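Take a look at the letters that make up each chain.
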Number of protein chains: 2
Amino acid sequence: MTGQSLIQDDAMVFSASTPETPSRWKRRKEARPEEILGAALELFTEKGFAATRMDDVAKLAGISKGTLYNYFESKESIFHAVVQELIAPQIEEFESMIARYDGPTDHLLRQLIRTWWTRVGETRLSAIPKIVISESGNFPELAQYFVDNVVKRARKLFTDIISKGVVTGEFNTVEPRTVARLIVAPLVYATIWQHSLQPFDDDYLSDEYIDTHIKFILRSLIKDQRIDL
Amino acid sequence: MTGQSLIQDDAMVFSASTPETPSRWKRRKEARPEEILGAALELFTEKGFAATRMDDVAKLAGISKGTLYNYFESKESIFHAVVQELIAPQIEEFESMIARYDGPTDHLLRQLIRTWWTRVGETRLSAIPKIVISESGNFPELAQYFVDNVVKRARKLFTDIISKGVVTGEFNTVEPRTVARLIVAPLVYATIWQHSLQPFDDDYLSDEYIDTHIKFILRSLIKDQRIDL
DNA sequence: TGTTATTTAATGACTGGTCAGTCATTAATT
DNA sequence: AATTAATGACTGACCAGTCATTAAATAACA
């Protein structure tokens, strides 16, 4: 997936293709919030929170600044909504995916990492960690919300899987919380990298990165050392 | 090491301990630049670049705002100096450490990771990655400088070590650049975490994190699978 | 050695520009 | 005709950077 945004860029059409639209603007109450959040996500990612101007968010969303304030209280509330609306559904999906699963624990772990990568790492959601981390000092409530509702739940997913593998004897005896963090670190780091220094580096992260990460982690976890996959 | 700063907090002493210092301020041409950079590093880390006020940098450095501009051109030049002055010497030290080394490659790798952790991860230098990443969109030249002078050199250090291990037959056949990134990711991620969301999390990163990371990496690299250290 | 002149580190009130948020007005829709 | 989505000029706060002024340090001189 490329960085293509969800924002309409046909917001202002002056072409004479359809002569029956000389109206200066349209009422689109339902579509606005999503478009605003999409525009904000894009700009927050690129510039950070402080350096993003509300005029620019409005422009990218195809509306005026005043309209922003019909839908959101403040700049900060947009920031909060971006995180809340876009992340929460994902976490829930992961939680139910695990609840449903029945099979070898190493397969579950492999599948969870891969799914996370395709559903978060390769989508626009990947921008959120960078934004939250960058602004954590200025927006403590947001940071706290993110830690409680995203980080801890994600950490628990991985910790539970590893614990299960240890208990069933499939995995070596390890400290599940520490290993959970070592699994997540390269994943989140890759998303932060993509949205910060990657554009300044001519060396791209290949798919091999994730594949090798999975391979290394499983090699240390699985007792019976088959050197496959 | 605690977050203790290098800033003098005795900058304004009104106590009557030494009655012969009623002078309103002191000339300290030599000490100022370092104090300014220390103050700036602390505030940039906490608030990010944009949200840090020059008045606050001055206050923390124990001087007035005007004095800042006797020593630095602009806010941005302070930012640049922070990165340049503090990071460059470290990288050079690592490069010479490797040049000097002669012994088993896995020991060198282990030592490099540990040294990085004590010289960067556990010091105030650990704040720099977070700052650079947060502001990369607004300060492209700084980001480029950082990628060219820090990231690439660090990446090369690790890539060279791994290549050497593969060539000598000590390590399994792996893609050195990919593995180098997987080694660095949890390290840098830990520093970013410390300076962003750690304060909102009751669960601390233990020393076990680094130890386990080293153990996992070496287990995947070393051919002869002894299950020690 | 004490007094005065010169140099320059340090100050902080001020300016000019920026931008989040407001609100009276306009016009699309019902 | 009534309702309300949308507008954009405006305001008040904030802050990076300036510069005329102050005074610490040092040199020159008596």
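Participant: Help me understand the overall build of chain A in this model?
Facilitator: For chain A, the helix and strand inventory stands at nine helices and zero strands. Order of helices (α) and strands (β) in chain A, N terminus to C terminus: α-α-α-α-α-α-α-α-α. Counting every position in chain A, which comprises 229 residues, the buried fraction comes to 49%. Of the contacts formed within chain A by residues at least 6 apart in sequence, a portion of 70% connects residues at least 24 apart. Here chain A displays about 11800 Å² of accessible surface, and carbon together with sulfur accounts for 53% of that area.

Participant: What should I look at first to understand the packing of helix α7 (residues 140–168) of chain B against helix α8 (residues 176–194) of chain B in this one?
Facilitator: Pairs of packed helices are described in terms of their axes, by the angle between the two and the distance that separates them. All names here are of chain B. Contact geometry for α7 and α8: axes closest at 8 Å, N-to-C directions at 125°. If you check the angle between α7 and α8, you find them oblique. Between α7 and α8 lies a crossing of right-handed hand. Contact residues: α7 offers R155, F158, T159, I162 and S163, while α8 offers P176, R177, V179, A180, R181, I183 and V184. Of the residues in the contact of α7 with α8, the class split is seven nonpolar, two polar and three charged.

Participant: So what exactly am I meant to see when it comes to the interface of chain A and chain B here?
Facilitator: Where interface size is given, it is often the accessible area lost as the parts come together that is meant. With 52 residues of chain A in contact, the opposing surface of chain B contributes 52 residues. Taking both partners together, chain A and chain B bury about 4500 Å²; carbon and sulfur atoms supply 63% of that area. When the buried area of chain A at its contact with chain B is split by residue, A:R181, A:F200 and A:F216 rank highest and sum to 16% of it. At the junction of chain A and chain B, the tally comes to twelve salt bridges. B:D202 is paired through a salt bridge with A:K152; the nearest N and O atoms lie 3.0 Å apart. Run the count over chain A and chain B and you get 21 residue pairs in polar contact (both at pLDDT 80 or more). The element that contributes the greatest number of residues to the side of chain A that touches chain B is helix α8 (residues 176–194) of chain A, accounting for eleven residues. Split by residue class, the side of chain A that touches chain B holds 26 nonpolar, 13 polar and 13 charged.

Participant: What is the right way to read the protein's contact with DNA strand D from this model?
Facilitator: The local shell around DNA strand D holds 23 residues, among which A:R27, A:R28, A:Y71, B:R24 and B:R27 are the closest. What you see for DNA strand D is that sugar and phosphate hold 67% of its atoms within 4 Å of the protein. In the environment of DNA strand D, a phosphate oxygen lies 2.7 Å from a nitrogen or oxygen atom belonging to the side chain of A:T67. For DNA strand D, a phosphate oxygen lies 2.8 Å from a polar atom in the backbone of B:M54.

Participant: I would appreciate a short explanation of the relation of the copies chain A and chain B in the present structure.
Facilitator: Each of the two chain copies can be brought onto the other by rotation about an axis and movement along it. Screw-axis analysis of chain A against chain B gives a translation of 0.0 Å along the axis, an RMSD of 0.1 Å, and a rotation angle of 180°. The transformation just described matches what one would write down for a two-fold rotation axis. For chain A, the minimum C-alpha distance to the rotation axis belongs to A:S134 and amounts to 2.4 Å. With an isologous cut-off of 70% or more, the 100% of interface residues of chain A that recur at the interface of chain B puts this contact in the isologous class.

Participant: Explanation requested: the pattern of salt bridges in the structure shown.
Facilitator: The full count for this structure, using the stated rule, is 33 salt bridges over all chains. The salt bridge involving B:R177 is made with A:D203; its shortest N-O contact spans 3.2 Å. Of this pair, B:R177 sits in helix α8 while A:D203 sits in the loop between α8 and α9 (207–221), each in a different chain. Owing to a relative accessible area of 43%, B:R177 belongs among the partly exposed residues under this scheme. For the salt bridge of B:E35 with B:R32, the shortest nitrogen-to-oxygen distance reads 3.9 Å. Of this pair, B:E35 and B:R32 both sit in helix α1 (residues 32–47), three residues apart, which is roughly one turn of the helix.

Participant: How should I be thinking about the protein's contact with DNA strand C in this particular structure?
Facilitator: DNA strand C sits among 23 residues. The nearest are A:R24, A:R27, B:R27, B:R28 and B:Y71. Backbone atoms, meaning sugar plus phosphate, form 66% of the atoms of DNA strand C positioned within 4 Å of the protein. At a separation of 2.8 Å, a base nitrogen of DNA strand C approaches a polar side-chain atom of A:R27. Between a phosphate oxygen of DNA strand C and a side-chain N or O atom of B:Y71, the distance comes to 2.4 Å.

Participant: What's the story with the packing of aromatic side chains in this structure? I'm lost.
Facilitator: Remark: the centre distance and the inter-plane angle together describe each pair of aromatic rings, the angle taken between the planes. Residues and elements named next belong to chain A. Counted according to the given criterion, the structure contains 14 aromatic pairs over all chains. Centre to centre, the rings of F49 and F79 are 4.9 Å apart; their planes meet at 20°, and the pair counts as stacked. In this pair, F49 sits in the loop between α1 (32–47) and α2 (54–61) while F79 sits in helix α4 (residues 75–100), placing the two residues 30 residues apart along the sequence. In this structure F79 comes out as buried when scored by relative accessible area, which is 1%. Joined through ring pairs, the aromatic side chains of F44, F49, F79 and F139 make up one cluster.

Participant: Just checking my understanding: could you explain the confidence of the model for chain A for this structure?
Facilitator: If pLDDT is low for a region, its predicted coordinates should not be looked at in detail. Looking at chain A, pLDDT values average 89 and 88% of them are 70 or higher. Scored below 50 in pLDDT, residues 1–20 of chain A shows 15 contacts in the model against residues more than four places distant or in partner chains.

Participant: Got a minute to help me understand the environment of A:E95 in this structure?
Facilitator: All names here are of chain A. By the element assignment, E95 lies in helix α4. Taking the relative accessible area as the measure of exposure, E95 reaches 30% and is therefore partly exposed. Placed 58 residues apart in sequence, E95 and R153 show a C-alpha to C-alpha distance of 8.6 Å.

Participant: Explanation requested: the packing of helix α4 (residues 75–100) of chain B against α7(B) in the structure shown.
Facilitator: Residue and element names in this part refer to chain B. Contact pair α4 / α7: the axes reach a minimum separation of 10 Å and the direction vectors enclose 15°. As judged from the angle between their axes, α4 and α7 are roughly parallel. Relative to α7, α4 is oriented so that their crossing is left-handed. Here E76, F79, H80, V83, Q84, I87, I91, E92, F94, E95 and I98 of α4 come into contact with α7, specifically with E141, L142, Y145, F146, N149, V150, R153, A154, L157 and I161. Broken down by class, the residue content of the contact of α4 with α7 amounts to 13 nonpolar, three polar and five charged.

Criteria and cut-off values
Residues numbered from 1 in each chain as written. Chains lettered and ligands numbered in written order. Predicted model: local features only at pLDDT ≥ 70, side-chain atom pairs only at ≥ 80, totals over all residues. Heavy atoms only, no water. Helix = DSSP H or I, 4+ residues; strand = E, 2+ residues; numbered from the N terminus. Buried < 20%, exposed > 50% of the residue type's maximum accessible area, 1.4 Å probe, protein only. Contact = heavy atoms within 4.5 Å. Areas by Shrake-Rupley, 256 points an atom, 1.4 Å probe, with all protein chains shown as cover. Axes fitted to C-alpha atoms, helices over the stretch in contact; angles between N-to-C directions. Parallel < 35°, antiparallel > 145°, perpendicular 65-115°, else oblique. Left-handed = near helix turned anticlockwise from the far one by under 90°. Nonpolar A, V, L, I, M, F, W, Y, C, P; charged D, E, K, R; others polar. Buried area = accessible area lost by both parts, 1.4 Å probe. Salt bridge = Lys/Arg side-chain N within 4 Å of Asp/Glu carboxyl O. Polar contact = N/O pair within 3.5 Å; in protein donor to acceptor, adjacent residues only side chain to side chain. Near = heavy atom within 4 Å. Least-squares fit on C-alpha atoms with pLDDT ≥ 70 in both. Phe/Tyr/Trp six-rings, centres within 6.5 Å; stacked < 30°, edge-to-face > 60°. pLDDT = per-residue confidence, 0-100.

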